[in-house]
Amino acid sequence: MNVVLGISGGIAAYKAPDLVRRLRERGANVQIVMTASAEEFVTSTALQAVSGKPIRSNLWDKEAEAAMSHIELARWADVVVIAPATAEVMARIVSGGAPDLLTTICLATEAPIALAPAMNHVMWGNAATQANREVLEKRGIHILGPGIGSQACGETGAGRMLEPDAIAAAVFSLGGGKGESLLDGRKVVITAGPTREAIDPVRYITNRSSGKMGYALASAAAAQGAKVVLISGPVSVPAPPGIEVVDVESAEQMYEATHTAIVDADIFIAAAAVADYRPATVVKQKIKKKSDAMSIELVRCPDILASVAEMESSPFTVGFAAETENVIEYARGKLENKKLDMIVANRVGDNFGFDRDDNTATALWHDGQKSFPTCSKIDLSRELIELVAQHFYAVRSADTQPRLTAISNSD
Ligand code: CTP
């Protein structure tokens, strides 16, 4: 896949060499185009070294074919991504102005364009920037993030550039899985986030879950060329581009949506924290407090994962086991009881698992297991998807995927 990586002048440009590395690791050819102000934050020498290609920044490049860099690169690109994208570069693209090579390519290309904004949170929240974001999205330009968190300026808020691996995953899903992909032509259904079980119109029972793991798995599967359906409980994680997201609230709704999507699926990954019980009845009006104690009768919710695993022609089925103790033992029990192909066990509780960007996990299958060191949920997802693909082909269709031989088996 050919990627034009535009770098504009923001402090997050220091992450650009890492982004180039992530794109190249996945097999992309990367041509970097820098704006003049980007050079203030990252050197073209470093970028040339990691991309293996001379950096382009000049609109009037006599070396380029017919001295028209912008046309040549606009045609060459399968995806154009600008990371970081400053407020200024967003405004320039909205205006249709083309004073430099990067914005001219954006006008001249027919490839999908993605921007990963990075700026101070007040600048991101500014009405002008938000109006520009809206126009860009209406024109079909993909806005990746931004993330929320501490910023280089010392403040906290929305405006952080997404991490390089998340951007690389999005770029590959926009490129339609072009390039080396393990799951080309495969359909993967993933559940993510918590479910909410209503007590009355204003109260519900739920589980702790940010949805980050399920969303990262969806991006990683899409980056490997899969058609992904992500069935998501209520979360505040942005929808990954190019992925079909089905929003649900209750376990019952997640069950229905899963069984609708699963019909022709190859792989099912249950990363959602589904409520095990729901109130037996949903009270129509808000319950008023009357006595010092009250109780609610709960009934079991359907077990989505077990119901998929027991289908006659079930997809390759992967569950998650979030445990506070005896992690491996309990997870292995669930693998066997629910008749799964694989289970991913992770420790949760104080300082583990929830609402965090990193995770520690062990994947288990019937005759083996593999532990992953603590790493970002994005990195972990990439490795898990590779492992799932490896076992999927081994179990279901060993002879249809010759590329498997190239995967080292580190079980
Ligand atoms: N799961 C599901 N449907 C449910 C409950 C859980 O699909 N109603 C899935 C989760 O997405 C996860 C796995 O099952 O992949 C978790 O297994 P489970 O035994 O249900 O774990 P817990 O709910 O934590 O069970 P327990 O409280 O017994 O440990």
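What you see is a predicted model, and the numbers here were worked out from it, not measured in a lab.

### Things to note about a nonpolar patch on the surface
Here comes step 1: Together, Y277, M294, I296 and L298 make up an exposed nonpolar region whose accessible area comes to about 390 Å².
Here comes step 2: Take Y277: it is sitting in strand 14 (residues 277–279).

### Re the sheet that holds strand 19 (residues 368–376)
Here comes step 1: Spatial strand order, 12-11-8-13-16-17-18-19: 8 strands in an open sheet with mixed pairing. In this open sheet, the two edge strands, each paired with only one partner strand, are strand 12 (244–247) and strand 19. Here the average twist between neighbouring strands, direction ignored, is 15 degrees.
Here comes step 2: Taken together, the 4 bridges between strand 17 (residues 342–347) and strand 18 (residues 358–365) define a ladder with antiparallel strand orientation. When the bridges of strand 18 are listed, A345 appears paired with T362.
Here comes step 3: Its contacts with the sheet place helix 10 (residues 251–261) against strand 8 (187–192), strand 11 (227–232), strand 12 and strand 13 (267–270), and it is angled at close to 170 degrees to strand 11.
Here comes step 4: Across the sheet, helix 12 (residues 327–337) is in contact with strand 16 (316–323), strand 17, strand 18 and strand 19; its angle to strand 17 comes to roughly 155 degrees.

### Looking at the packing of aromatic side chains
Here comes step 1: With the rule as written, the count across this model stands at 1 aromatic pair.
Here comes step 2: Against the face of Y277 rests R300, its NZ or CZ located 5.7 Å from the ring centre.

### Some thoughts on helix 9 (residues 212–223)
Here comes step 1: A rise of 1.5 Å per residue sets the reference length of helix 9, with its 12 residues, at 16 Å; its end C-alpha atoms lie 16 Å apart and thus fit the reference within 8%.
Here comes step 2: The buried count for helix 9 comes to 11 of 12 residues, which makes it a mostly enclosed element.
Here comes step 3: For helix 9, every residue scored as buried is listed here: M213, G214, Y215, A216, L217, A218, S219, A220, A221, A222 and A223.
Here comes step 4: One or two steps after helix 9, the chain reaches G225, where phi turns positive at roughly 90 degrees.

### A few points about helix 1 (residues 16–25)
Here comes step 1: Those residues of helix 1 not exposed but buried are A16, L19, V20, R22 and L23. Looking straight down helix 1, one finds that the buried residues subtend no more than 165 degrees of arc, so they occupy a single side.
Here comes step 2: Of the residues one or two after helix 1, G27 is the one with positive phi, at around 100 degrees.

### Some details on the site of the ligand
Here comes step 1: Taken together, 13 residues are adjacent to the ligand, and A270, A272, D276, P302 and F320 come closest.
Here comes step 2: In this structure, an oxygen atom belonging to the ligand sits 2.7 Å away from a main-chain N or O atom of A270.
Here comes step 3: Here a nitrogen atom of the ligand and a backbone polar atom of I304 are 3.0 Å apart.
Here comes step 4: In isolation the ligand exposes 580 Å². Once the protein is present, 73% of that is buried.
Here comes step 5: Here the ligand occupies the second largest pocket.
Here comes step 6: Looking at the shell around the ligand, the elements that each hand over two or more residues are helix 11 (304–309) and strand 16.
Here comes step 7: Classifying every residue of the shell around the ligand gives 8 nonpolar, 1 polar and 4 charged.

Criteria and thresholds
- Residues numbered from 1 in each chain as written.
- Predicted model: local features only at pLDDT ≥ 70, side-chain atom pairs only at ≥ 80, totals over all residues.
- Heavy atoms only, no water.
- Patch = residues over 30% accessible without salt bridge, like charges linked within 9 Å, V, L, I, M, F, W, Y side chains within 5 Å.
- Areas by Shrake-Rupley, 256 points an atom, 1.4 Å probe, with all protein chains shown as cover.
- Salt bridge = Lys/Arg side-chain N within 4 Å of Asp/Glu carboxyl O.
- Helix = DSSP H or I, 4+ residues; strand = E, 2+ residues; numbered from the N terminus.
- Pairing = 2+ DSSP bridges.
- Axes fitted to C-alpha atoms, helices over the stretch in contact; angles between N-to-C directions.
- Contact = heavy atoms within 4.5 Å.
- Phe/Tyr/Trp six-rings, centres within 6.5 Å; stacked < 30°, edge-to-face > 60°.
- Lys NZ or Arg CZ within 6 Å of the ring centre and 35° of its normal.
- Expected span 1.5 Å × (residues − 1).
- Buried < 20%, exposed > 50% of the residue type's maximum accessible area, 1.4 Å probe, protein only.
- Arc of directions from axis to C-beta.
- Near = heavy atom within 4 Å.
- Polar contact = N/O pair within 3.5 Å; in protein donor to acceptor, adjacent residues only side chain to side chain.
- 1 Å grid on protein atoms, 1.4 Å probe; cavity = no way out; pocket = protein on both sides within 12 Å on 5 of 7 lines; lining within 4 Å.
- Sits in = over half its atoms within 2 Å of the grid points.
- Nonpolar A, V, L, I, M, F, W, Y, C, P; charged D, E, K, R; others polar.

It is worth stressing that arrangement in space is one thing and function is another; only the former is reported here.
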